Amino acid sequence: MSLLQTINTAIISLAANKLRAGLALLGIVIGVTAVITLMSIGRGTTEQITGIIQGLGTNLLFVQPEGEGQLTLGDADALVDPVYAPSVLASAPEVRAFATLVAGRDNTNAQVVGVTPEYLAARNLDLASGMFIMSPHVDNRDEVIVLGANVAEQLFQNRDPVGEYVRVNARRYRVIGLLESQGGGGFGTFDTQVLIPITTAYYRLSGERTLTGDVAVSLINVQVRDLDDIDQSIEEASGVLRLRHRITEEDDFTVISQQSTIETLEETTNTLVVFLGIIAGISLLVGGIGIMNIMLVSVTERTREIGIRKAMGAKRRDILLQFVAEATVLSIGGGLLGAGLGFWMTNAIDGRTLGTQTFNTSFSNEFAALALIVSAGIGLFFGIYPAVRASRLHPIDALRYE
Amino acid sequence: MTENQDNVIELHDVTKVYRMGEIEVNALAGVSLTIRRGELTAIMGPSGSGKSTIMNIIGCLDVPTSGKYILDGEDVGMLSDDRLAGIRNRKVGFVFQTYNLLPRLSALTNVELPLQYGKGGGRKDRSFEALSKVGLADRVHHKPVELSGGQQQRVGIARALVKDPAILLADEPTGNLDTASSQEIMWIIQELNRQSGITVVIVTHEHDIAAHAARVVTMLDGKVLDDTRQEPVLVPEPGII
């Protein structure tokens, strides 16, 4: 029998028992849909997270104190050195604290970040109104503040807050600027933060003090001149700091590149995608077992047909192919329907919110292809055993079967 | 024991032993039988006489335990299952007591079945031709349930004929039919034998049916008891086919 004829015969046989074939098909459809949808959600989440991080700028290094170590404003300044660190473009130290902000009768809690003027460029920030923190503000420890979009809305609703005053820990800060809203939930957004001069933050908010009297910072953002020089810049920055900290053994700081953060994160989330795929794959496996069940019943029911076909000259291979074709038609049919349904589901839930979680999905043809191949494989795998049983029947016994 | 082109079936001292648990059953205890091309032979005998076994061996559904079987000039005594399937496909046309049509398929597709497992094209034409020979040209698209018993058996005969087999092997072909339909089927079988010269072997326990054959082989206890040539009773042409 030709392949086309075998497939045709398989479809006719399956059509003879539509309900049963439909139910077996459903198992595969659900499995494939689950695989595609879950993997798309996983991929979408990955893309969302890396997107946020990439938005922060990939040409950034973060220098953080480690162990007993401390970083200071002096360290931050020293990192911009055309001789020892030529690949560093700028450094933007920051001090972080948490405070309650009050304006009139409105108040809110926000992360307060002490920064220098370089911070604006280093973190890719945009101003919606007013100005950013300038060098004189830092030098004079001025009590001025730049508000994130959400904070401004909570304190001043829709009014332009520039020129207004905000109380932070009982001191009045003059609002000099408003940041452009970054939108989207997620971590690291500046919408819920406020910025003040780093010296002000240090002396007014931070409890930390250094032995030298220098201003301690919690993190230094280092902007790299060229993304290709990122490894070299890590070496240079580390070299400068080791010199300043007189380090001979272990570093009292760490330098992390934005790129490595993304890579680590992608590794983690890719594992998540694979894991989700495997969990959904279990339902595909259950669908495959459903096919095997149906095929075993079908072989028993059609023993006489097998006998007739063998009497007419069907070889083992012919019978084997016939039943394998039926199982494969079921699984590939289910796979195609499932891929279609998965595509539709992926688009339908994209951007929808369930509870507090917003779904971001990313359909990929690879997932559809993978799910199809796996379902075809499952059809073959679970179809072969019943088919072998059918092909081994002896024609005389099969013809006598009632 | 020379091979004779006139002989379609040559059984030489064929035995068949079945094991049923501990007991060995000698279904055939040395049968030698030669059937010439164009003969219409009836094989008779009570249950347990070995007539089913000899039919299975003649039809290549089973192989002898010992002895030699030459079908249409080919030694088929000890072939593998798949080789036997090929022989059945090319050389044997089966007609069963219970018709054994596939219920989901139309008469035409049922007749096409042996063609699916062999080489060659023009399947639709060939099966239509076979159905025309048994007078069912106007019923080709009917499913078995839409046909009478006699008509179903005629589809069975068409299916057996479609590959131009060396022998037509009919196992109680009228066993499930009323007298009128039985006459109709026997008339067709006789006509095919007389007009087209097809070799026919009918296995039956009915003397009325055996009377239409030119030769009657009677089996008992796994042996040929009697082998008689006779003047066959001609079936009158039925009024309507």
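If you're wondering where the values come from, they're calculated on a predicted model, not measured in any experiment.

Reading guide: rules and limits
Residues numbered from 1 in each chain as written. Chains lettered and ligands numbered in written order. Predicted model: local features only at pLDDT ≥ 70, side-chain atom pairs only at ≥ 80, totals over all residues. Heavy atoms only, no water. Helix = DSSP H or I, 4+ residues; strand = E, 2+ residues; numbered from the N terminus. Buried < 20%, exposed > 50% of the residue type's maximum accessible area, 1.4 Å probe, protein only. Contact = heavy atoms within 4.5 Å. Lys, Arg positive; Asp, Glu negative; His and termini not counted. Charge placed at Lys NZ, Arg CZ, Asp CG, Glu CD. Pairing = 2+ DSSP bridges. Axes fitted to C-alpha atoms, helices over the stretch in contact; angles between N-to-C directions. Domains from an automatic or database assignment. Parallel < 35°, antiparallel > 145°, perpendicular 65-115°, else oblique. Left-handed = near helix turned anticlockwise from the far one by under 90°. Nonpolar A, V, L, I, M, F, W, Y, C, P; charged D, E, K, R; others polar. Polar contact = N/O pair within 3.5 Å; in protein donor to acceptor, adjacent residues only side chain to side chain. Phe/Tyr/Trp six-rings, centres within 6.5 Å; stacked < 30°, edge-to-face > 60°. Expected span 1.5 Å × (residues − 1). Core = buried A, V, L, I, M, F, W, Y, C linked by side-chain atoms within 4.5 Å. Buried area = accessible area lost by both parts, 1.4 Å probe. Patch = residues over 30% accessible without salt bridge, like charges linked within 9 Å, V, L, I, M, F, W, Y side chains within 5 Å. Areas by Shrake-Rupley, 256 points an atom, 1.4 Å probe, with all protein chains shown as cover. Salt bridge = Lys/Arg side-chain N within 4 Å of Asp/Glu carboxyl O.

Draft legend 1. Layout of the overall build of chain B. Regarding its fold elements, chain B presents 7 helices and 10 strands. Seen through its principal axes, chain B has C-alpha atoms that stretch 50 × 40 × 40 Å. Counting all 241 residues of chain B, 54% fall into the buried class. Expressed as a percentage of contacts within chain B between residues at least 6 apart in sequence, the contacts between residues at least 24 apart total 67%. Side-chain charges of chain B comprise 25 positive and 31 negative groups, with the mean position of each set lying 6 Å from the other.

Draft legend 2. Representation of the sheet that holds strand S9 (residues 215-220) of chain B within the structure. Residues and elements named next belong to chain B. Pairing in this open sheet of 6 strands is mixed, and the strands run S6-S7-S8-S3-S9-S10 from one edge to the other. A single partner strand is all that each edge strand has here, and the edge strands are strand S6 (92-95) and strand S10 (223-229). Between one strand and the next, the sheet's axes are offset by a mean angle of 20 degrees, whatever the strand orientation. Here strand S7 (residues 167-171) pairs with strand S8 (residues 199-203) via 5 bridges, running parallel. From the neighbouring strand, leucine 169 faces S8, where its bridge partner is valine 201. Across the sheet, helix H2 (residues 81-91) lies against S6 and S7, angled at about 80 degrees from S6, the strand it touches most.

Draft legend 3. View of unusual backbone geometry. Residues and elements named next belong to chain B. With phi around 50 degrees, aspartate 13 is a residue other than glycine that occupies positive phi space. Structurally, aspartate 13 is set in strand S1 (residues 7-20). With relative accessibility at 48%, the residue aspartate 13 sits in the partly exposed group.

Draft legend 4. Representation of the sheet that holds S1 of chain B. Residues and elements named next belong to chain B. Taken together, 4 strands build an open sheet; the order of strands is S2-S1-S4-S5 and the sheet is antiparallel. Every other strand in the sheet has two partners, leaving strand S2 (23-36) and strand S5 (74-75) as the edge strands with one partner each. The strands touched by helix H1 (residues 51-58) are S1, S2 and strand S4 (66-71); relative to S1, the strand with the most contacts, the crossing angle is about 120 degrees.

Draft legend 5. Representation of the domain arrangement of chain A in the model. Domain assignment breaks chain A into domain 1 (3-53 + 263-400) and domain 2 (70-251). Here the C-alpha centre of domain 2 of chain A lies 55 Å away from the C-alpha centre of domain 1 of chain A.

Draft legend 6. Spotlight on the packing of helix H11 (residues 316-349) of chain A against helix H12 (residues 365-392) of chain A. Residues and elements named next belong to chain A. Packing of H11 against H12 brings their axes to within 7 Å, and their N-to-C directions diverge by 150 degrees. Here H12 runs roughly antiparallel to H11, going by the angle between their axes. Seen from above, H11 lies across H12 with right-handed handedness. Within the contact between the two elements, H11 uses Arg316, Ile319, Leu320, Phe323, Val324, Ala327, Thr328, Ser331, Ile332, Gly335, Leu336 and Ala339 and H12 uses Ala368, Leu372, Ser375, Ala376, Gly379, Leu380, Gly383, Ile384, Ala387, Val388, Ala390 and Ser391. Looking at the contact of H11 with H12, its residues break down into 16 nonpolar, 7 polar and 1 charged.

Draft legend 7. Structural context of the side chain of lysine 91 of chain B. All names here are of chain B. Following the sequence through the fold, lysine 91 ends up in helix H2. With relative accessibility at 9%, the residue lysine 91 sits in the buried group. At a separation of 2.8 Å, a polar atom in the side chain of lysine 91 contacts the side chain of glutamate 74. Residue contacts for lysine 91: discarding those within four places in its chain leaves Leu71, Asp72, Glu74, Pro165, Ala166 and Ile167.

Draft legend 8. Main features of the packing of aromatic side chains. Residue and element names in this part refer to chain A. In the structure shown here, the tally under the stated rule is 5 aromatic pairs over all chains. An angle of 80 degrees between the planes, with centres 6.0 Å apart, marks the rings of tyrosine 119 and phenylalanine 190 as edge-to-face. Residue tyrosine 119 is located in helix H4 (residues 119-122), and its partner phenylalanine 190 is located in the loop between strand S8 (171-179) and strand S9 (193-197); the two are separated by 71 residues in the primary sequence. There is no split in this pair, since tyrosine 119 and phenylalanine 190 are both buried. With a centroid separation of 5.0 Å and an interplanar angle of 90 degrees, the aromatic rings of phenylalanine 381 and phenylalanine 382 are classed as edge-to-face.

Draft legend 9. View of the environment of serine 47 of chain B. All names here are of chain B. Structurally, the position occupied by serine 47 is in the loop between strand S3 (40-44) and H1. We classify serine 47 as exposed; its relative accessible area is 73%. In the structure, serine 47 is positioned 172 residues away from methionine 219 in sequence and 9.8 Å away in space, judged by C-alpha atoms.

Draft legend 10. Fine view of helix H5 (residues 149-161) of chain B. Between its first and last C-alpha atoms H5 of chain B spans 18 Å; for 13 residues at 1.5 Å apiece the expected length is 18 Å, and the two agree. Burial runs high along H5 of chain B: 12 of the 13 residues are buried. Within the sequence span of H5 of chain B, burial applies to Gly150, Gln151, Gln152, Gln153, Arg154, Val155, Gly156, Ile157, Ala158, Arg159, Ala160 and Leu161 of chain B. For H5 of chain B, the secondary structure elements touched by its buried residues are helix H10 (303-311) of chain A together with S6, helix H3 (107-116), helix H4 (123-133), S7 and helix H6 (179-196) of chain B.

Draft legend 11. Examining the nonpolar core more closely. Membership of the largest hydrophobic core comes to 69 residues, with the highest contact counts inside it found for Ile9, Leu11, Ile58, Tyr69 and Leu71 of chain B. Not counting residues up to four positions away in its chain, the partners in contact with leucine 71 of chain B are Val8, Ile9, Ile58, Cys60, Val76, Ile87, Lys91, Val92 and Ile167 of chain B. Core analysis: the second largest hydrophobic core is formed by 65 residues, Val88, Leu125, Val175 and Ala216 of chain A among them.

Draft legend 12. Highlighting the interface of chain A and chain B. The partner chain B presents 23 residues to the 24 residues of chain A that form the contact. Summed over both partners, the interface of chain A with chain B buries about 2100 Å², with 56% contributed by carbon and sulfur atoms. For chain A, the biggest contributors to the area lost against chain B are Ile308, Met312 and Ile396 of chain A; these three give 27% of the whole. For the pair chain A and chain B, the number of links is 9 residue pairs in polar contact (both at pLDDT 80 or more). Of all the secondary-structure elements, those providing two or more residues to the side of chain A that touches chain B are helix H1 (3-15), H10, H11 and helix H13 (395-400) of chain A. Sorting elements by how many residues they give to the side of chain A that touches chain B places H10 of chain A first, with 6 residues.

Draft legend 13. Layout of the environment of aspartate 139 of chain A. In this fold, aspartate 139 of chain A is placed in helix H5 (residues 135-139). Sequence separation between aspartate 139 of chain A and threonine 116 of chain A is 23 residues; the distance between their C-alpha atoms is 9.9 Å.

Draft legend 14. Representation of the pairing of S9 of chain B. Residues and elements named next belong to chain B. Across 4 bridges, the pairing between S3 and S9 is parallel. Bridge pairing in S9 places alanine 42 opposite valine 216. Inspection of the sheet shows S9 paired to S10 by 6 bridges, in the antiparallel sense. Residue pairing in the sheet places leucine 220 in a bridge with lysine 223 of S10.

Draft legend 15. Up close: a nonpolar patch on the surface. Taken together, Leu19, Leu23, Leu26 and Ile30 of chain A make up a surface patch of nonpolar side chains, about 430 Å² in accessible area. Along the chain, leucine 26 of chain A falls in helix H2 (residues 18-55).

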